[in-house]
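Close look at the chain arrangement
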Protein chains: 2
Amino acid sequence: MSGCNEERVNREVRRKRRAVGVAMGREPADLVLKHASYVNVFTGEILTADIAAAEGLIAGVGSYSGREERDCTGKLVLPGFLDAHIHLESSLVAPAEFVRAVLPHGTTTVVTDPHEIANVMGADGIAYMLQATEGLPVDVRFMLPSCVPATPLDESGAALGREDLDGFYSHPRVQGLAEMMNFVGVLAGDESVLEKLAAADLAGRRIDGHAPDLADGGLNAYIAAGVRSDHECHDLKDAIAKLERGQYIMIREGTAARNLEALVPLLNEKYGSRCLLCTDDKHPGDLLKTGHIDAIIRRAVALGADPMAAVRAATLNAAQYFGLHDRGAVAPGYLADLVIVDDFQSFQVEAVYRKGVLAAEHGAAKPFPVPAVEPRLTERARHTFRVGTLTAEDFCSDSPLGVVGMVDGEITTVDRGRAGKPDAARDILRAAVVERHKGTGHIGLGFLQGYGLKSGAVATSISHDSHNIIVVGAGEAECAAAANRVAELNGGIVVWNDGKPVAEVPLDMGGIMSGEPLEMVNEQLESAKAAAYALGVNRGIDPFMTLSFMALPVIPTLRLTTRGVFDVGKQDYV
Amino acid sequence: MSGCNEERVNREVRRKRRAVGVAMGREPADLVLKHASYVNVFTGEILTADIAAAEGLIAGVGSYSGREERDCTGKLVLPGFLDAHIHLESSLVAPAEFVRAVLPHGTTTVVTDPHEIANVMGADGIAYMLQATEGLPVDVRFMLPSCVPATPLDESGAALGREDLDGFYSHPRVQGLAEMMNFVGVLAGDESVLEKLAAADLAGRRIDGHAPDLADGGLNAYIAAGVRSDHECHDLKDAIAKLERGQYIMIREGTAARNLEALVPLLNEKYGSRCLLCTDDKHPGDLLKTGHIDAIIRRAVALGADPMAAVRAATLNAAQYFGLHDRGAVAPGYLADLVIVDDFQSFQVEAVYRKGVLAAEHGAAKPFPVPAVEPRLTERARHTFRVGTLTAEDFCSDSPLGVVGMVDGEITTVDRGRAGKPDAARDILRAAVVERHKGTGHIGLGFLQGYGLKSGAVATSISHDSHNIIVVGAGEAECAAAANRVAELNGGIVVWNDGKPVAEVPLDMGGIMSGEPLEMVNEQLESAKAAAYALGVNRGIDPFMTLSFMALPVIPTLRLTTRGVFDVGKQDYV
């Protein structure tokens, strides 16, 4: 063992010695939560004791005194919550801003898949997020993006092979391989896909799944290949088939997809121990209004879930699944990540301790240092656009193009045939996806029906999963102007009208995140939404989020890509 | 990633591809258990399906055909059983012989602590056992001995510091640090003890406990230091205090200690998921007569346990605790370690598959290659005695010595005062512990009361935990002769009378294990027991096992050590 390791051992010995001394009552604790009614996730009981913390650990439950004491009489104390699957980028802000938002809600660990930034920046995107989360008061763990690009059709900023991921497994905050969306590749036995699974297995890490409605032999095959969880279940049948085959089920309740109501019956004695909670995506307004994992627990209890099962799903189960054996319980030796709430019904978080230190109280996170990201990566993140100046001509076409029909409240689309030109009367608008990573000049043209815009244009560099520029406009010139403005901002959302941007959300970190505070980004976003609706956008549609999914060539029926309109069912361009 | 790793990845990819192909029904399975009623440890149900295996893995549950098919109609199929804590040396045979005995009982994984051989040979003992278990059809996993020597009083063959253990954590079959018996050291914050805990934690491995009746602050401290399990609970109160604080409870039912009846109420919904099964020690006759983990499940069910909880304790729970995520369930991607039994009541094992290959049937293991141990270690194991020829004078003393009073059916002792010489009328016999590892010439003299021997002598090199020679005899010359014979055999059990050995069990592997088949060793042992009883040994006492514990200076009241009679309560020599 090297000298460096000797130091680690010595540090750990000192930490243990102090925890032992505090547990034995030989020395005062750093913190004691007095008279706490705490949730014992092992026995499913609420027990009352003093909880003593030292060196960031819970040293003991019993009768203790400490340098700092907080009376918890009448309060409920729980282990800090874990979000088992999220893409931090969806918050549109830097990780530190995300943390500032969720910490007051009791979240102390999140497991993120930096899939979005990796589609822009590849391995540098993963490195960027690792650095931007180092030492934050919410412990941010990583699953490595398994599907970059998301499909072979995608023109993303990078492609990540197994070799690109391998080096990250030695990072202490990397827990495994993120959602294997390419279940078709798994079932076909694709070399490049199985290689990624094999490498994760050999590194002793977890493999998350993403396979809605896969069943029978296909489901067996997908799981036999090593995929141990799923967060795409939208009904009990699907979830139970997966639970029976040993997958952990992440019950997802986020901004875009919400499965809690359908899956809440799983939170019982029979299935509860194999369930986790996750959000997948949380947008700025939703984070500010709804909260985070606390909101899922509260809603689960309101829907009739056993509160113990809901808490276990948010704590111990997730910790076990990810091999994070130091957390998820109020017990000696566990991290002193502790959440104080009023009761299970109201479930308002009063205070949050992270490693025994008060980290948030009454809805506000305590100040914390923002981690430094090396300048090379920051510079790279701020300059991800390689696209020439666009003109109206770029958006014109002589031949008829596919018409993608939008559906209110959905991200699926319908096939509206072909059109030769825009048709305001039938709400058929010019739309395009502009490749922006590599300067290929690829511009995929088509039409959107049902978006509702009456004048100007809307463009955004959030377009799943490759995050090229997707633009829709009342005219070709407006399309060009809005897209040019997005590139000029080094990314963002632009609502263009009357020859100028009437609203914009600059997202100059990879073209998908802002460096500004969450509240400001939310205001910008709300203003931009209002501006888009004012220009006529159909109120049944989220002007930017729904638009961003029009570029994802895995959801039926028609999608707009950098090479034109693609028919997902026929797996061919229109 | 090195070329060697590339090969591992490629091999794993091929394995996954075939498992996927079989799961999809594209190619026949290697093995199919048809119409199996299998125990689903995830849902607690018995489901019926074909179980298809390929490449040693379960590829799918459903409807399958294969190259080999076995009709399991009316049978129950379970995952292979795990023994969570055992010292293989207690079987008195080589690991391959142990495996031959337990495999037909459905055991497919055991977690051993090579504490006994390590007390003789130190790190070489661990290496010896690792090599002697490589590739066996029962997967033998290791916890590294944490307390060698067992106490500072012990004159063992070796002392293992943290640095001696560190290198073993990189071995793929080492799961952690074995039972930390020195809870006094943990609670005192001893550097050398905490170092071992710290190193195990930093290696990301498990730490097993051993702390009967530790409670309150002491228990908090012990657990806060990182100890995550206990197998010494003999009542529910003790077990529940530990479960509440997050320890896993290994319910022990072995040859020497049996806690199942007291702890069987834990095998329910509330506590069951944190319970494991273990034997700790299994002696030859018990292995042959009773069986192994199957016998514990059978008895647990007979005692009223929920069969599902009993099976989970023997499978999934143990696998989870040790981080063996590839086993413990009948589900895709799990090892095809499968046990076929008739029903829960009779619970007779019909056949056992290990990695999809028939490994045992109707009580008999299929032949398998015995792993080779490097000659250096074999030679070292066969020559562990450094002791000169003893004479009657070595066992004489002018001054009075302590009298250790034996108790029928117990391994505790009582203080019978002092004596100047043996006294047949009062059943006070000359006894000694002869240091045999390092040629120190230390011979600790004393008297045993209650053993019952009327003539001759009994000597054994199994004497806990240092495995020096313990001898008791009707006369000093007999003591010397019996002890000399043990050394001449390079270890073993000797019953001496009339100037010759009347029975012996040669144990020339470290002085604690035989190279002979289990049945033969058992016969030798039974003959030796009969010979000892024929010489008058008290039938309330096991002539060798009870004797072997007389040297363990941690159990009250008096013990015999290489430096004389020791009072455990007073922590001083008599």
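Residues numbered from 1 in each chain as written. Chains lettered and ligands numbered in written order. Predicted model: local features only at pLDDT ≥ 70, side-chain atom pairs only at ≥ 80, totals over all residues. Heavy atoms only, no water.

**Notes on the sheet that holds strand β8 (residues 139-144) of chain B**
Residue and element names in this part refer to chain B. One open sheet accounts for 5 strands, arranged β6-β7-β8-β9-β10; its pairing is parallel. The strands lining the two open edges of the sheet, one partner per strand, are β6 (81-86) and β10 (206-209). Here the average twist between neighbouring strands, direction ignored, is 30°. By the bridge criterion, 4 bridges tie β6 to strand β7 (residues 107-112) in an arrangement that is parallel. Looking at β7, one finds that Phe81 is bridged to Thr107. Docked against the sheet, helix α12 (residues 293-302) engages β6 and β7, running at close to 105° with respect to β6. (Pairing = 2+ DSSP bridges. Helix = DSSP H or I, 4+ residues; strand = E, 2+ residues; numbered from the N terminus. Axes fitted to C-alpha atoms, helices over the stretch in contact; angles between N-to-C directions. Contact = heavy atoms within 4.5 Å.)

**Overview of the packing of aromatic side chains**
Residue and element names in this part refer to chain A. Enumeration over the complete set of coordinates arrives at 12 aromatic pairs over all chains. Judged by centre distance (4.9 Å) and plane angle (55°), the rings of Tyr248 and Tyr321 are tilted. Separated by 73 residues along the polypeptide, Tyr248 in strand β12 (residues 248-252) and Tyr321 in helix α14 (residues 316-321) bring together distant segments of the chain. Per residue, the accessibility class of Tyr248 equals that of Tyr321, and both read buried. Clustering of aromatic rings is evident, with ring pairs tying together Phe81, Phe344 and Phe347. (Phe/Tyr/Trp six-rings, centres within 6.5 Å; stacked < 30°, edge-to-face > 60°. Buried < 20%, exposed > 50% of the residue type's maximum accessible area, 1.4 Å probe, protein only.)

**Some thoughts on the pattern of salt bridges**
Residue and element names in this part refer to chain B. According to the stated counting rule, one finds 88 salt bridges over all chains in the structure shown. Between Arg252 and Glu232 there is a salt bridge, with the nearest N and O atoms lying 2.8 Å from each other. With Arg252 in strand β12 (residues 248-252) and Glu232 in the loop between β11 (229-230) and α9 (236-244), the pair connects residues that are 20 residues apart, well separated along the chain. Exposure class is identical for Arg252 and Glu232. Each is buried. Between Asp337 and Arg354 there is a salt bridge, with the nearest N and O atoms lying 2.8 Å from each other. Here Asp337, found in the loop between α14 (316-321) and β14 (338-341), pairs with Arg354, found in strand β15 (residues 349-354); they are 17 residues apart in sequence, far enough to count as distant. (Salt bridge = Lys/Arg side-chain N within 4 Å of Asp/Glu carboxyl O.)

**Topic: a negative patch on the surface**
Judged by side-chain charge, A:Glu269, A:Asp306, B:Glu269 and B:Asp306 come together as a negatively charged surface patch. Along the chain, the position of A:Glu269 falls in the loop between α10 (260-263) and β13 (275-278). (Patch = residues over 30% accessible without salt bridge, like charges linked within 9 Å, V, L, I, M, F, W, Y side chains within 5 Å. Areas by Shrake-Rupley, 256 points an atom, 1.4 Å probe, with all protein chains shown as cover. Lys, Arg positive; Asp, Glu negative; His and termini not counted. Charge placed at Lys NZ, Arg CZ, Asp CG, Glu CD.)

**What about the interface of chain B and chain A?**
Between chain B and chain A, the contact holds 66 residues from the first and 66 residues from the second. Of the roughly 5400 Å² buried between chain B and chain A on both sides combined, carbon and sulfur atoms contribute 54%. The interface formed by chain B and chain A includes 8 salt bridges. Of the charged contacts in the structure, one is a salt bridge between B:Arg162 and A:Glu6, with a shortest N-O distance of 2.7 Å. Joining chain B to chain A, the criterion identifies 27 residue pairs in polar contact (both at pLDDT 80 or more). (Buried area = accessible area lost by both parts, 1.4 Å probe. Polar contact = N/O pair within 3.5 Å; in protein donor to acceptor, adjacent residues only side chain to side chain.)

**Here we look at the relation of the copies chain B and chain A**
When chain B is fitted to chain A, the residual RMSD is 0.0 Å, and the transformation amounts to a turn of 180° plus an axial shift of 0.0 Å. Taken together, these values place the two copies in the relation of a two-fold axis. Both copies present the same face, since 100% of the interface residues in chain B are matched by interface residues at the equivalent positions in chain A. (Least-squares fit on C-alpha atoms with pLDDT ≥ 70 in both.)

**Some words on the confidence of the model for chain A**
The predicted model of chain A has a mean per-residue pLDDT of 97, with 99% of residues at 70 or higher. Interface confidence for the predicted complex, given as ipTM, is 0.95, next to a pTM of 0.96. (pLDDT = per-residue confidence, 0-100.)

**Observations regarding the sheet that holds strand β28 (residues 572-573) of chain B**
Residue and element names in this part refer to chain B. As summarised here, the arrangement of the 3 strands in space is β26-β27-β28, forming an open sheet in which the pairing is antiparallel. Both edges of this open sheet fall to β26 (558-561) and β28, since each of them pairs with a single strand only. With 2 bridges joining them, strand β27 (residues 564-567) and β28 adopt antiparallel strand pairing. Bridging from a neighbouring strand, Asp567 pairs with Asp572 of β28.

**Describing the pairing of strand β2 (residues 45-54) of chain B**
Residues and elements named next belong to chain B. With 7 of 10 residues buried, β2 is to be regarded as a mostly interior element. The pairing of strand β1 (residues 29-40) with β2 spans 8 bridges and is classified as antiparallel. Counted as the bridge partner of Ala36 is Ala49 from β2. Hairpin geometry of β1 and β2 is characterised by an intervening segment of 4 residues between the two adjacent antiparallel strands and by a positive phi of about 75° at Gly44. Bridging between β2 and strand β3 (residues 57-62) involves 5 bridges; their strand directions are antiparallel. When the sheet's bridge partners are listed, Ile51 is paired in β3 with Val61. Hairpin connection from β2 to β3: 2 residues lie between these consecutive antiparallel strands, with Glu55 at a positive phi of about 60°.

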